[in-house]
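Spelled out, the chains give:
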Amino acid sequence: SDGETLVLLNPSGERVDVVRFGPQVTQRSLARDGTGQWVLAHPTPGTANQPLVAAELSTALTINEFQILPSRGSPWIELHNADWRPASLAGWSLVTSNSAIPLNTISFVEPGGFLVFTADRKTGPRQLEMDLPNLAGLLVLQDPTGAEVQRITYNTQASGATLARIPDGLGSLQ
């Protein structure tokens, strides 16, 4: 799923709880941890929640590919999780030369998977409320501590051209 909003109403129609989430990981569930936070968990219907522990989550995210001037549609950025574990986007941010956008906190990238965000100034699980500078610019991926994980500077791109890591997640941008 790209994401949803689930709302729990009581018999009077009053909202009791709500969760907004983005892309998820197969064979995992969203569950509340001991503090009431939504976390990725092992599916346990009808029994106590079993959140994944930190060692079960990846921090191996990279900007893998991006397109600033698409022939049609909106600019986009692709993230790649090169690890064998799922990666949480909680606390991660994308920074450009003109804005900083936190990523959806209840979203995950599959092990070895990819997640594409459109930079169209709209809200949504796979959308970024930002513009990507199209003449020349800067893309920075920051981890939950605010540390810079990756910094990419780019020049003007031809319409329809992309910059991509070859091989995925590891190579240099070409």
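Small disclaimer: the values here were computed from a predicted structure and weren't measured.

Novice: Quick question: what am I supposed to make of the overall build of the chain here?
Specialist: Helix and strand counts for the chain stand at zero helices and 17 strands. Here the C-alpha coordinates of the chain stretch approximately 55 × 35 × 25 Å along the principal axes. Per-residue burial for the chain yields a buried fraction of 40% across its 174 residues. Here the contacts in the chain between residues at least 6 apart in sequence split such that 49% fall between residues at least 24 apart. Per element, the accessible surface of the chain, about 9,400 Å² overall, is 52% carbon and sulfur.

Novice: Would you mind showing me how to read the sheet that holds strand β6 (residues 61-67) here?
Specialist: In any sheet, the strands associate via hydrogen bonds between backbone groups, in a parallel or an antiparallel arrangement. The strand order β13-β12-β7-β6-β16-β17 describes an open sheet built from six strands, whose pairing is mixed. Since the sheet does not close on itself, it has two edges, and those belong to β13 (127-128) and β17 (172-173), each with one partner.

Novice: Is there a simple way to think about the environment of I63 in this case?
Specialist: By the secondary structure assignment, I63 is in strand β6. Distance in space between the C-alpha atoms of I63 and R165 is 8.3 Å, their sequence separation being 102 residues. If near-sequence neighbours (up to four positions away) are discounted, I63 is found in contact with I77, E78, L79, L94, L139, V140, L141, Q150, I152 and R165.

Novice: Sorry, what's going on with the side chain of R85 here?
Specialist: Positionally, R85 belongs in the loop between β7 (76-81) and β8 (87-88). We classify R85 as buried; its relative accessible area is 18%. At 2.8 Å, the side chain of R85 forms a polar contact with the side chain of D83.

Novice: Got a minute to help me understand the sheet that holds strand β14 (residues 137-142) in this structure?
Specialist: The four strands are arranged β10-β9-β14-β15 in an open sheet whose pairing can be described as antiparallel. At either margin of the open sheet sits one strand with a lone partner, and together these are β10 (100-102) and β15 (148-154). Each adjacent strand pair in this sheet contributes to an overall mean axis angle of 15°, direction not counted.

Novice: Even after reading the chapter, I still don't get the packing of aromatic side chains, so can you show me in this structure?
Specialist: Centre distance and the angle of the planes are the two values used to describe a pair of aromatic rings. Scanning the model with the defined rule gives one aromatic pair in all. Consider the rings of F66 and Y154, whose centres lie 5.4 Å apart with planes at 55°: the pair is tilted. Residue F66 is located in strand β6, and its partner Y154 is located in strand β15; the two are separated by 88 residues in the primary sequence. There is no split in this pair, since F66 and Y154 are both buried.

Novice: Could you clarify how one ought to interpret the environment of T26 in this entry?
Specialist: Mapping T26 onto the fold places it in the loop between β2 (15-21) and β3 (29-32). Using a relative accessible area of 54% as the deciding quantity, one classes T26 as exposed.

How each quantity is defined
Residues numbered from 1 in each chain as written. Predicted model: local features only at pLDDT ≥ 70, side-chain atom pairs only at ≥ 80, totals over all residues. Heavy atoms only, no water. Helix = DSSP H or I, 4+ residues; strand = E, 2+ residues; numbered from the N terminus. Buried < 20%, exposed > 50% of the residue type's maximum accessible area, 1.4 Å probe, protein only. Contact = heavy atoms within 4.5 Å. Areas by Shrake-Rupley, 256 points an atom, 1.4 Å probe, with all protein chains shown as cover. Pairing = 2+ DSSP bridges. Polar contact = N/O pair within 3.5 Å; in protein donor to acceptor, adjacent residues only side chain to side chain. Axes fitted to C-alpha atoms, helices over the stretch in contact; angles between N-to-C directions. Phe/Tyr/Trp six-rings, centres within 6.5 Å; stacked < 30°, edge-to-face > 60°.

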